[in-house]
Amino acid sequence: MTRIRSNDLDRGFSTRAVHAGQQEDPLAGAVMTPIYQTSTYVQEGLGRHKGYEYARTQNPTREALERNVASLEGGQYGFAFGSGLAATDTVLKLLSAGDHVVCGENVYGGTHRLMERVYARLGLTFTFVDSRDIRNIERAVTPATRMIYCETPTNPMMHLTDLAAVGDLTQARGLLLTVDNTFATPFFQRPLSSGADIVIHSTTKYLNGHSDMVGGVVITSRDDLAERIGFLQNGAGAVPGPMDCWLALRGIKTLPLRMRRHDENGRRIAQWLSQHRAITRIYYPGLPSHPQHDLACRQMSGFGGMISIDLGDPEKARRMAERTKIFALAESLGGVESLIGHPASMTHASVPVAMRQAMGLTDSLIRLSCGIEDADDLMADLEQALG
Ligand SMILES: *Cc1c(COP(=O)(O)O)cnc(C)c1O
């Protein structure tokens with residue numbers, strides 16, 4: 001169980017992104033946290049060691065990452081996992097058979113699949129609701145409900161959940177609030193300050209930012225939850241290797257710079273696309289035309305580089321996805337390079353068709369992850385692909 005140090009919350013966000021959770025290497029003074037590529041640690045005698053016994057349980061590189069992300073989220077404890085889904089899996093293991101979860105209907109496709117195809121079989125029950133309206137969440141709560149799980153903004157529909165309102169609800173009812181903050185990152189949104197108990201990230205995306213590893217983290221400030229999550233991290237063992245922790249830690253150092261640029265490109269490209277005749281609908285919380293723009297301005301300090309557009313015709317969407325030259329056709333998001341995807345056949349293929357259609361996730365929807373390249377080049381690429 002990794003707790004932040006007392007000075008990990010002292011400084012500004014960018015200073016913490018570079019330094020929090022890290023310490024000078026005692027052997028050589030290496031400025032960068034070493035990759036402790038080891039499975040075990042020598043003990044001086046029976047029960048006498050430096051606090052490290054076996055690498056599933058403790059690893060110094062992993063601990064540096066855990067403290068770093070916890071500090072950025074304003075949390076007390078961090079836990080790193082082998083993937084974002086392993087992080088979610090661990091959080092769901094806090095519950096027991098018979099417990100009920102109210103979940104946003106537009107959560108990450110893999111989260112939906114994990115709930116419906118794995119945990120439903122093990123006795124948890126789930127109600128998926130349109131969490132844009134707090135009343136839908138409130139109405140779905142039953143005496144068996146233990147957790148509200150949401151993602152905001154969602155992928156790919158850019159639905160927002162009012163974090164302060166749902167935080168008030170969960171605190172009043174004694175429920176756990178878990179928020180997947182992968183899209184916004186702590187640079188733009190910090191759910192713990194709105195009453196969330198647990199924050200989850202796929203570090204694969206913006207936190208690492210360079211599309212060269214897969215990982216996840218869980219952050220909390222609650223001692224009781226930290227105790228149990230720490231137990232599960234070791235007891236179920238879905239831990240990341242030290243090399244991936246190091247890559248994430250190194251990526252996070254530039255998170256503020258990258259997020260500012262993703263946001264700048266996202267706003268410019270969304271503004272330009274919103275005027276484009278080939279597009280029938282655009283989803284970007286930074287546009288004043290987005291139905292939840294006011295909420296976005298209240299609870300986020302920026303909107304990032306994720307934009308969804310509907311071309312009104314599946315064939316046109318397919319052509320566009322296959323024609324871009326800078327935007328690479330690939331799953332995933334949040335890297336320095338721009339990506340284009342077709343959610344219905346790629347990231348959200350595991351979501352039932354009826355559910356996809358009900359929330360507007362059509363076969364003509366395209367999702368863009370705008371990277372940090374020159375916006376003019378990105379717009380020229382989209383223009384030629386739309387032409
Ligand atoms: C990718 C993603 C996940 C899952 O993370 P993995 O690292 O791929 O397991 C969860 N939530 C969101 C919002 C994501 O984008």
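Before any of the text, the structure's been laid out above.
Residues numbered from 1 in each chain as written. Predicted model: local features only at pLDDT ≥ 70, side-chain atom pairs only at ≥ 80, totals over all residues. Heavy atoms only, no water.

A. Summary view of the sheet that holds strand β9 (residues 281-283). Reading across from one edge, β9-β10-β13-β12-β11 is the order of the five strands in this open sheet, with mixed pairing throughout. Two strands in the sheet have a free side with no partner beyond their single neighbour: β9 and β11 (328-329). With three bridges joining them, strand β12 (residues 339-341) and strand β13 (residues 365-369) adopt antiparallel strand pairing. Paired with Gly341 across the bridge in β13 is Arg367. On top of the sheet, helix α12 (residues 314-323) reaches β10 (306-310), β11, β12 and β13; it is set at about 25° to β13, its chief contact. (Pairing = 2+ DSSP bridges. Helix = DSSP H or I, 4+ residues; strand = E, 2+ residues; numbered from the N terminus. Contact = heavy atoms within 4.5 Å. Axes fitted to C-alpha atoms, helices over the stretch in contact; angles between N-to-C directions.)

B. Just the site of the ligand, in detail. Close to the ligand lie 13 residues, the nearest being Gly84, Asp180, Ser202, Thr204 and Lys205. The side chain of Ser202 places a nitrogen or oxygen atom 2.8 Å from an oxygen atom of the ligand. Lys205 places a polar side-chain atom, nitrogen or oxygen, 2.7 Å from an oxygen atom of the ligand. Summarising the interface, the protein chains cover 92% of the accessible area of the ligand, which totals 380 Å² for the free molecule. Assessed atom by atom at 2 Å from the grid points, the ligand resides in the second largest pocket. Its residues placed into classes, the shell around the ligand shows four nonpolar, six polar and three charged. (Near = heavy atom within 4 Å. Polar contact = N/O pair within 3.5 Å; in protein donor to acceptor, adjacent residues only side chain to side chain. Areas by Shrake-Rupley, 256 points an atom, 1.4 Å probe, with all protein chains shown as cover. 1 Å grid on protein atoms, 1.4 Å probe; cavity = no way out; pocket = protein on both sides within 12 Å on 5 of 7 lines; lining within 4 Å. Sits in = over half its atoms within 2 Å of the grid points. Nonpolar A, V, L, I, M, F, W, Y, C, P; charged D, E, K, R; others polar.)

C. Spotlight on the state of the cysteines. Throughout the structure, instances matching the rule amount to zero disulfides. No disulfide involves Cys150; its nearest neighbouring cysteine sulfur is the one of Cys103, lying 8.2 Å away. (Disulfide = S-S within 2.5 Å.)

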